[in-house]
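# Coordinates in review
Chain by chain, the residues:
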Amino acid sequence: STNADTINRLNGKRVVITAGPTREAIDPVRYLSNESSGKMGYALAAAAAICGAEVTLISGPTQLTPPQNVSRINVISATDMHEAAMAYAEKADIFIGAAAVADFRPEHVASTKLKKKIGEEAMVIKLIKNPDIIANVAALTPKPFTVGFAAETNNVDQYARDKLTRKHLDMIIANDVSRSEIGFNSEHNEVTVFSEYDEIHFPHQSKDRLAKALIQTIANAFQSAMDR
Ligand code: CTP
Ligand code: CA
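Keep in mind it's a predicted model, so treat the numbers as computed, not measured. (Residues numbered from 1 in each chain as written. Chains lettered and ligands numbered in written order. Predicted model: local features only at pLDDT ≥ 70, side-chain atom pairs only at ≥ 80, totals over all residues.)

What follows deals with the UniProt feature "binding site: CTP" (unreviewed entry) in the chain. Mapped onto this numbering, the UniProt entry gives "binding site: CTP" (unreviewed entry) at Asp103, Lys113, Pro131, Asp132, Ile133, Ile134, Phe149, Lys163 and Lys167. For the annotated residues, spread through 65 residues, the largest C-alpha to C-alpha distance comes to 37.7 Å, inconsistent with a single compact locus. Of note, Pro131 is situated in the loop between β8 (127–129) and α4 (133–138). Among all residues touching Pro131, those that are not within four sequence positions of it are Ala78, His82 and Asn136. (UniProt positions renumbered as here; feature names shortened; annotations may be inferred. Helix = DSSP H or I, 4+ residues; strand = E, 2+ residues; numbered from the N terminus. Contact = placed C-beta atoms within 7 Å.)

Pairing is mixed across the open sheet formed by eight strands, whose spatial order is β5-β4-β1-β6-β9-β10-β11-β12. The sheet is open, and its two edges are formed by β5 (70–74) and β12 (199–206), each paired on a single side. Strand after strand, the sheet turns through a mean of 20° between neighbouring axes, direction not considered. Sheet topology places strand β1 (residues 14–19) next to strand β6 (residues 94–97); four bridges connect them, and they run parallel. In the strand pairing of β6, Val16 is matched with Phe95. Seen against the sheet, helix α6 (residues 207–227) touches β6, β9 (145–152), β10 (171–176), β11 (188–194) and β12 and runs at an angle of roughly 155° to β12. (Pairing = 2+ DSSP bridges. Axes fitted to C-alpha atoms, helices over the stretch in contact; angles between N-to-C directions.)

So, on to the packing of helix α2 (residues 39–50) against α6. Working note: a packed helix pair is described by the angle between its axes plus the distance between those axes. Closest axis-to-axis distance for the α2/α6 pair is 8 Å, and the angle between their directions is 55°. When the axes of α2 and α6 are compared, the pair comes out oblique. Relative to α6, α2 is oriented so that their crossing is right-handed. Where α2 approaches α6, its residues Lys39, Met40, Ala43, Leu44, Ala46, Ala47 and Ala48 are matched on the opposing element by Lys207, Asp208, Ala211, Lys212, Leu214 and Ile215. Taken together, the residues of the contact of α2 with α6 break down into nine nonpolar, no polar and four charged. (Parallel < 35°, antiparallel > 145°, perpendicular 65-115°, else oblique. Left-handed = near helix turned anticlockwise from the far one by under 90°. Nonpolar A, V, L, I, M, F, W, Y, C, P; charged D, E, K, R; others polar.)

Time to look at the site of ligand 1. Taken together, the neighbourhood of ligand 1 is formed by 15 residues, with Gly97, Val101, Ile133, Ile134 and Gly148 sitting nearest. Mapped by element, the contributors of at least two residues to the shell around ligand 1 are α4 and β9. Ranked by the residues each element gives to the shell around ligand 1, the list is headed by β9, at four residues. Considered class by class, the residues forming the shell around ligand 1 number eight nonpolar, four polar and three charged. (Near = placed C-beta within 6 Å.)

With that settled, the discussion passes to α2. If you check α2, its first and last C-alpha atoms are 16 Å apart, about what twelve residues at 1.5 Å a residue would give, namely 16 Å. Where burial is concerned, most of α2 is hidden: eleven out of the twelve residues are buried. Listed in full, the buried residues belonging to α2 are Lys39, Met40, Gly41, Tyr42, Ala43, Leu44, Ala45, Ala46, Ala47, Ala48 and Ala49. Against the buried residues of α2 lie β1, β4 (54–59), β5, β6, β11 and α6. Gly52 sits one or two residues past α2 and shows a positive phi near 95°. (Expected span 1.5 Å × (residues − 1). Buried ≥ 20, exposed ≤ 12 C-beta atoms within 10 Å, placed from the backbone.)

Here it is as structure tokens:
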């Protein structure tokens, strides 16, 4: 396709992307979180905006500046991200779940700073499950074209395909986070994209370049789904 085609690929389409980690409060000064930098989600948001999409980036706490022509909604916890995602997903054409959502949160959040007790050598924090944001988005009717990520350390392809099926996603982007040079907190990534029929490998490259290629693949698959 020509450059002009690429630029207008997603003209007028609403794309909603979750990105970054979530933070699950323990008390006013402590939380549980993860190593996600948000770079992949932000790069996808930038790439979608370049293609003419109206992009909403629902972001957990990151150090990143929102890309040009992207409207960013800042959230902290998985519960907040879930609420924002469901509100925006209703009107979305494409939903991409790039966030590293905490699977669990502390059942009780202390209203004051927790104190050590004399003689207590261990403490237990009970965690309860967070909502599965992308599975709930994919359960909407009508549902947006829904793209997930699968960060795995082993059995990457099998676990990714399982998530594609179990969460009723249209596409899943699998990356092997056991390799320190790619994935979490890295500038680079190497992924395999699975859909019902297809499997496409994207070799090791910068997240910016990869995001542009992934947005083209997503736009193609979205278009095919619309044409069916
Ligand atoms: N995801 C989500 N809400 C959650 C957990 C995950 O929306 N509560 C999304 C992620 O944004 C990603 C996909 O689901 O697009 C897969 O996330 P991942 O952590 O790999 O899968 P889980 O289903 O949480 O399974 P597990 O962590 O046990 O491998
Ligand atoms: Ca998880």
